[in-house]
Amino acid sequence: MSRILCQQCHRPEKACICAFAIKTDNHIHVVVLQHPTEVKQSKGTVALLQQSLVNCEVIVGESFDDTDNLSALLSHYGDQIALLYPSENAIELEFSSKQRPDTHTGELSIETNNIKCIVILDGTWKKSYRMFMLNPSLHDIKHLVLPSGIESLYHIRKTKKDGALSSLEACCHALALLENNRGKYQLLLNNFVKFNQFQQSFNQRNNNFINTL
Ligand SMILES: [Zn+2]
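Just so you know, these numbers come straight off a predicted model, no measurement behind them. (Residues numbered from 1 in each chain as written. Predicted model: local features only at pLDDT ≥ 70, side-chain atom pairs only at ≥ 80, totals over all residues. Heavy atoms only, no water.)

Caption draft 1: Inspection of the overall build of the protein at higher detail. Helices and strands together make up the secondary structure of the protein, namely six helices and six strands. Along the chain direction, N to C, the helices and strands of the protein fall in the order β-α-α-β-α-β-β-β-α-β-α-α. Burial status across the protein gives 45% buried among its 213 residues. A total of about 12200 Å² of accessible surface is found on the protein, and carbon and sulfur atoms cover 52% of it. (Helix = DSSP H or I, 4+ residues; strand = E, 2+ residues; numbered from the N terminus. Buried < 20%, exposed > 50% of the residue type's maximum accessible area, 1.4 Å probe, protein only. Areas by Shrake-Rupley, 256 points an atom, 1.4 Å probe, with all protein chains shown as cover.)

Caption draft 2: Main features of the side chain of His35. Looking at where His35 falls in the secondary structure, it is placed in the loop between β1 (29-34) and α1 (36-39). Classification of His35 by relative accessible area gives buried; the value is 6%. Within the local environment of His35, its side chain forms a polar contact with the side chain of Glu62, the two groups lying 2.9 Å apart. Contacts of His35, omitting those with residues within four sequence positions, involve Gly61, Glu62, Asp122, Gly123, Lys127 and Met131. (Polar contact = N/O pair within 3.5 Å; in protein donor to acceptor, adjacent residues only side chain to side chain. Contact = heavy atoms within 4.5 Å.)

Caption draft 3: Broad picture of the side chain of Glu179. Within the secondary structure, Glu179 is located in the loop between α5 (167-178) and α6 (182-212). Note on Glu179: relative accessible area 17%, which makes it buried. At 2.7 Å, the side chain of Glu179 and the side chain of Lys184 are in polar contact. When near neighbours in sequence (up to four residues on either side) are disregarded, Glu179 contacts Asn26, His27, Ile28, Lys184 and Tyr185.

Caption draft 4: Molecular detail of the packing of aromatic side chains. As enumerated under the stated definition, the model contains four aromatic pairs in all. Where Phe20 meets Phe195, the ring centres are 6.1 Å apart and the plane angle is 75°; that geometry is what we call edge-to-face. Taken together, the residues Phe20 in the segment before β1 and Phe195 in helix α6 connect sequence positions 175 residues apart. Judged by relative accessible area, Phe20 falls into the buried class, the value being 13%. When the ring of Tyr85 is compared with that of Phe132, the centres are 4.3 Å apart and the planes differ by 15°; the resulting orientation is stacked. Residue Tyr85 is found in the loop between β3 (81-84) and β4 (91-92), and its partner Phe132 is found in helix α4 (residues 125-134); the two are separated by 47 residues along the sequence. Judged on exposure class, the residue Tyr85 and its partner Phe132 are both buried. What links up through ring pairs into an aromatic cluster is the set Phe20, Phe192, Phe195 and Phe198. (Phe/Tyr/Trp six-rings, centres within 6.5 Å; stacked < 30°, edge-to-face > 60°.)

The structure is reproduced here in structure tokens:
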């Protein structure tokens, strides 16, 4: 039985997620290194992220050190590229005084205020770790970690690790902190909640359908 696919998101029409995308003009370029098993993962949040962000590219694979894409990006951005990954050396992003009036930190630290591109690893916790280990060129660039206390709104895929965020959420929070503009990404985060609900009800409907067979 042939299914009509949405031209934009390439999903069946009933599962189309295009209505949830919010065009957002991110100034900091986003590169998602996506594990191959995440591509077909319909619950994946990167599809929605990619449709929403104006400056976002997704590279699928596991080991990128032999590929031109990543090395070209790394040499293009030099010390202005950073990986969002909680390594031992990761710099914790901070809320600026504008966003949290009780601090005196003010501007972003010198280490993070020149960042023009962020790299995100999209996969389960285990797969992201594996991707990190397989790509030594990612070890020498700056690593960023989000401040603790950001709660996930992502209820579809249960993660065992506390405080783990979906790729979309992690990316939006990192951009909001780096660009010092929380409002800009809030609409997308709000729509992400609706996207969650949609996916959940969609799964439920499918389960009900299967149960009636
Ligand atoms: Zn669509």
